[in-house]
Structures are given as C-alpha cells and as structure tokens.
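Topology and contacts: notes
As a plain string of letters, each chain reads:
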Amino acid sequence: MILFENMRIISWNPPAVSGPLDVVAYGPDEGVPSQAFPSPGGADAGSPAGGSRAGTIAEVGTNLAARYPGARRVASGGYLSPGLVLSHTHLYSALARGMMVSIKPSKDFAQQLDHLWWRLDRAIDLPILESSGLAGLADAAFSGVTAVVDHHAGPEAIDGSLSVLRGAYEKIGLRGLLCYETTDRNGMAGARAGVAENVRFAREIDAGRKAGRRPLVDGAIGGHAGFTIGTETLEALGDAVCSTGRGIHIHLGEDKYDAVDSRHRFGADLVERMDAAGCLGPKSIVGHGVWLTDSEVEILNGRDAFLAHNARSNMNNAVGYNALLTRFRNVILGTDGMSADMLEEFKFAVFRHRETAGPWWPDNFLECMDRGNRLLERYFGADFAHGAAASTAAASTVPSVPGLPGSGPRFGSIEAGSPADVVVWNYDPPTPLEGGNLAGHLAFGLGSRSVRSVAVNGDMIIENGQARFDQAAIMATARDEAARLWKRMEER
C-alpha cells in the first residue's frame, strides 16, 4: 500500500480543493492471488480482477499512517489530483518531432496527409512502433497523464501491432485505449487486415478478463476517416463494433474535404453513414468534427458518443474552428499527436475559443478535460465494480469534503474504491487556490512542469521526479529509430 500524507486534494469536476488530508491506495497486486496471464511481450497484463481492491483508493481521511502501518509514504504535502486523460492522440508522431525529411509543398490538408503523414505511417515497422509508443507514453507520464487514447496506423506492419503498443503501455505503466485506423487507401487487403487487427486485439483483452485479470489497456475499433473508407469497409467496421462490444474511434469532418466527399460519393453526411452502418454508440470517439452539421451533432448526442476536440492540431493544419463545439454533449480533449501535455492543450482550447468570442470559459473546458474519465468508465468501469463494493467499509470512514464527488467510486475522483490513478503536484501559487478559481489556475498558471509524482493503478511510475522506467534509454533508442523512420520515409 502507498500513503499520500497531508495532501490538499484537487477535484476537477466539480472543481474543489480540500484541506490537508491523507490518501491510502492499494498496490496493483494487493487483494487476491496473482493469476497467470502474460501479455505478448511478457509483461503483466494488469491487476487481478474479481472482488479485488487492487489498484484502488483504500481510504481518504486524517492520521491514516496509524491505521495503515504497512503503507509506504510516497509523498507529503502539496496537491494531489486525479490523473489527466489524453483522449485522442497518435503515438507514432512522437518520432516526427523536428523531422528532417524532404516533403513536397502542400496546398491543402489532403495533400499534407499524402505528402507527409501517409508516408510516415507506411514507413513504420514494429521496432519503430514500439519505440514511438514508449517515447510518447513516457512524455505523457511526466506530463501528469495517466491514461492515453491512441489512434494507430502502420499499413506495412498491421498484424500484432496493437499488442506491441500494449506492451509499451505496460512497460511505462499507463492506462489506455488502442485501435488500428482501418482505411481503404492501401487496398482492400489492407482494409480487411485493419479490421481483423482491431477484432483480434479486442479478443485478446477479452481473454485476459475471462482469465481473471484487470487490464491496463483495452481496445476500440479504429477507422481512419470517412473519405478513405468505402461502404464495404464501413460495414465491416460496424460488424466489428457490434461483435466486440467496443466503440469506433475515427476522424470525421477534420477538414471540409471529408464532409464534401461524403455527400458527393455517398449521398449522405459523414455521421449519417456511420450511424447507418451501426458504428455509433456510447463508446464511440469522433475526432475533430470541425465540419459536421447541426443534424450530425444531434445524431452523435443521441448516441451519447464522444467528440474529441484537438485545438492545437486544428490550428496547425488550418482546418478551421469547430463553430458547433458547445452543442456537442460529450466533448473531450485530445492532442492529435501534437504532444502529450494536456494542460498545454487545455490552455490552447481555452484561448482559441476565446478568440472566436465563444460562450465557454475555462470552467467549461475543465469539464471537457475531466470528461475523458467518463470514456474510461465505459471501457474499464466493470473491471472495478466488485472492488468498489469491497471498499464500502473504508468509504464509510471518509470525512465529508465539500465539493468533492460523493456518489460512489469512479474514474477521475479520489475516494474509496476509485482507481488509484493520481498525480502529486509541486505548485506554490501566488494567489489562493480553491474550487472557484481552479480553472483559472490551470489556464494561467499550473503546468506540467509542476508534476512531482504519478501513480497508475496504485503503482508509482514516477516518484519525486524519478521514473521507474529507464527514460534515458527510451529516448536514446527513440533517436535511433527516428533516424531510421526518416530514412524509410525518404524511400517511399
């Protein structure tokens, strides 16, 4: 067990900051005997499931060191918050930073994809993939991110690619969702292989749960974008969503071309096509949605789907601003591969919206950032249901903390039974920090440089600035693999 002592607890939603309290969490393997379920890379596939309290908050209160004499004190003083969720990214872009590759000038977004990103994803092999995953996830951990939702592509190395990425998540220790972005742009054989990889990986995770393990990583069903997916492939994706019980993760309406192409070739809006194929539901993630219509927003809202807003990427690609952003029911925040720094993304989301004279304020975007936890609950919530019930006795001892959630264990909260995905911040503000101005501190002050320690599933992956993984070795390998990736891009 681990003990966080004398911490001021931050709640993202509703915004709140407590007085000094102690928090005790169970480690990832505490509660039930370990069961054999190795991942493809040999790493542990997750914590024991069933009635285990492993990886959850045991208790929040005062003087907990006396109640839990075996707990190891890992932090004392400062702020403790739920971990951040990066709700849409591309880990392969970790090796694109400062890219030195000859790229043709691009007149629009479609050409930029063809000249740059589709060359990059064709150049990915499994060693490059693993290295990009480790580098991107390490950056995420040091940014206070405890869960990463990835959208992967690599048409020359599809089979087994999601298991390779899963191994990287487990090595770093982060939670997440994976998918392969299925597309017709590399031929129908490649499209079928993409669907098959999504289904294979979902079955792999299902087998682990059946064997009694609680996974750190789950799978969605990935599609690239509407304009690269024909009717046959879209129907196959819909079948995969239905057969696996997952949600689709796809770009829709990132650029105007995507929306126009859908109406021209298929006589329907993008979301209408997705819905007709049975792809949309409460686990669905739609990236960008800049060029969707009012009626498409209504369909997504009716299906309780998520819209991943990526402010920096939209700005960088000059695709426009999502004028309907405030009408979406479930807006979450992603970076689209720009980085793993969610507090930086939060700031851009706020200021870009303010530039449009939009009605939302930092508090609204704080809700969006926290809403990534609702996505996690839809994929992982059942894994913790029994453990939450087992924490009832501890929960009864938790003192009332005004403003903090009290409706039962959930992701993104610090209360008995909730997943122990937390961040310790070194933040010494020049003004008072409380619930009423928390969003303002995030917009104008608190940044990833303040991250001190990070725990995921009750496991300390960063403690007092020191990672349990070999950061230097990961980055050294990444530089070598980046050079090889760039060379392979020049050959394509």
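The shown structure was predicted, so the numbers you read here are calculated from the model rather than taken from an experiment. (Residues numbered from 1 in each chain as written. Predicted model: local features only at pLDDT ≥ 70, side-chain atom pairs only at ≥ 80, totals over all residues. Heavy atoms only, no water.)

Side note on the overall build of the protein chain
- On a plain count of helices and strands, the protein chain comes out with 16 helices and 20 strands.
- For a compact globule of 492 residues, the expected C-alpha radius of gyration is about 23 Å, and the protein chain comes in at 22 Å, within 12% of that figure.
- Residues counted as buried form 62% of the 492 residues belonging to the protein chain.
- Put simply, the protein chain shows about 17800 Å² of open surface, and 53% of that area lies on carbon and sulfur atoms.
- Measuring between centres, the 46 positive side-chain charges of the protein chain sit 1 Å from its 57 negative side-chain charges. (Helix = DSSP H or I, 4+ residues; strand = E, 2+ residues; numbered from the N terminus. Rg over C-alpha atoms; globule rule 2.2 N^0.38 Å. Buried < 20%, exposed > 50% of the residue type's maximum accessible area, 1.4 Å probe, protein only. Areas by Shrake-Rupley, 256 points an atom, 1.4 Å probe, with all protein chains shown as cover. Lys, Arg positive; Asp, Glu negative; His and termini not counted. Charge placed at Lys NZ, Arg CZ, Asp CG, Glu CD.)

Quick notes on the pairing of strand β17 (residues 422-425)
- Residues Val 422 and Val 424 line one face of β17 and the alternating positions Val 423 and Trp 425 line the opposite face, and both faces are buried.
- Taken together, the four bridges between strand β6 (residues 79-82) and β17 define a ladder with antiparallel strand orientation. Within β17, the position partnered with Pro 82 by the bridge is Val 422.
- Here four bridges tie β17 to strand β18 (residues 451-456), and the two strands are oriented antiparallel to one another. By the bridge assignment, Val 422 is partnered in β18 with Ala 455. (Pairing = 2+ DSSP bridges.)

Thoughts on the sheet that holds strand β15 (residues 306-309)
- Read across the open sheet, the five strands follow the order β12-β13-β14-β15-β16; overall the sheet is parallel. Looking at which strands have only one partner, the edges of the open sheet turn out to be β12 (221-225) and β16 (331-333). Strand-to-strand twist in this sheet, taken as the mean axis angle between neighbours without regard to direction, amounts to 25°.
- Here β12 runs beside strand β13 (residues 248-252); their pairing, made up of four bridges, is parallel. What sits directly across from Gly 222, in β13, is His 249. (Axes fitted to C-alpha atoms, helices over the stretch in contact; angles between N-to-C directions.)

Section: the packing of helix α11 (residues 342-355) against helix α12 (residues 362-380)
- Between α11 and α12, whose axes approach to 10 Å, the crossing angle comes to 140°. Relative to α12, the element α11 is oriented oblique. Taken as a pair, α11 and α12 cross one another with a handedness that is right-handed. Across from Met 342, Leu 343, Phe 346, Ala 349, Val 350 and His 353 in α11, the residues of α12 making contact are Pro 362, Phe 365, Leu 366 and Met 369.
- Tallied by class, the residues present in the contact of α11 with α12 amount to nine nonpolar, one polar and no charged. (Parallel < 35°, antiparallel > 145°, perpendicular 65-115°, else oblique. Left-handed = near helix turned anticlockwise from the far one by under 90°. Contact = heavy atoms within 4.5 Å. Nonpolar A, V, L, I, M, F, W, Y, C, P; charged D, E, K, R; others polar.)

Concerning the environment of Glu 130
- Along the chain, Glu 130 falls in helix α3 (residues 126-142).
- In this structure, the C-alpha to C-alpha distance between Glu 130 and Tyr 92, residues 38 residues apart in sequence, is 9.0 Å.
- Apart from residues lying up to four places away in sequence, Glu 130 is in contact with Val 164 and Ala 168.

Some points on the packing of aromatic side chains
- On inspection of all chains with the given rule, the structure shows eight aromatic pairs.
- Here Trp 360 and Phe 365 contribute two aromatic rings whose centre-to-centre distance is 5.3 Å and whose plane-to-plane angle is 85°, an arrangement assigned as edge-to-face.
- A residue is classified by how much of its surface remains accessible, and Trp 360, at 14% relative accessible area, is buried.
- By relative accessible area, which is 0% here, Phe 365 ends up buried.
- Here a set of aromatic residues connected by ring pairs shows up, and it is made of Trp 118, Phe 227 and Tyr 257.
- Positioned over the ring face of Phe 384 is Arg 214, at 4.1 Å from the centre of the ring.
- If you follow Arg 273 out to its NZ or CZ, it ends over the ring of Phe 266, 3.6 Å from the centre. (Phe/Tyr/Trp six-rings, centres within 6.5 Å; stacked < 30°, edge-to-face > 60°. Lys NZ or Arg CZ within 6 Å of the ring centre and 35° of its normal.)

Digging into the pattern of salt bridges
- Following the criterion strictly, the structure yields 34 salt bridges and no others.
- Between Arg 488 and Glu 156 there is a salt bridge; the shortest N-O distance is 3.9 Å. Here Arg 488, found in helix α16 (residues 471-490), pairs with Glu 156, found in the loop between β8 (145-150) and α4 (161-172); they are 332 residues apart in sequence, far enough to count as distant.
- We classify Arg 488 as buried; its relative accessible area is 19%. (Salt bridge = Lys/Arg side-chain N within 4 Å of Asp/Glu carboxyl O.)

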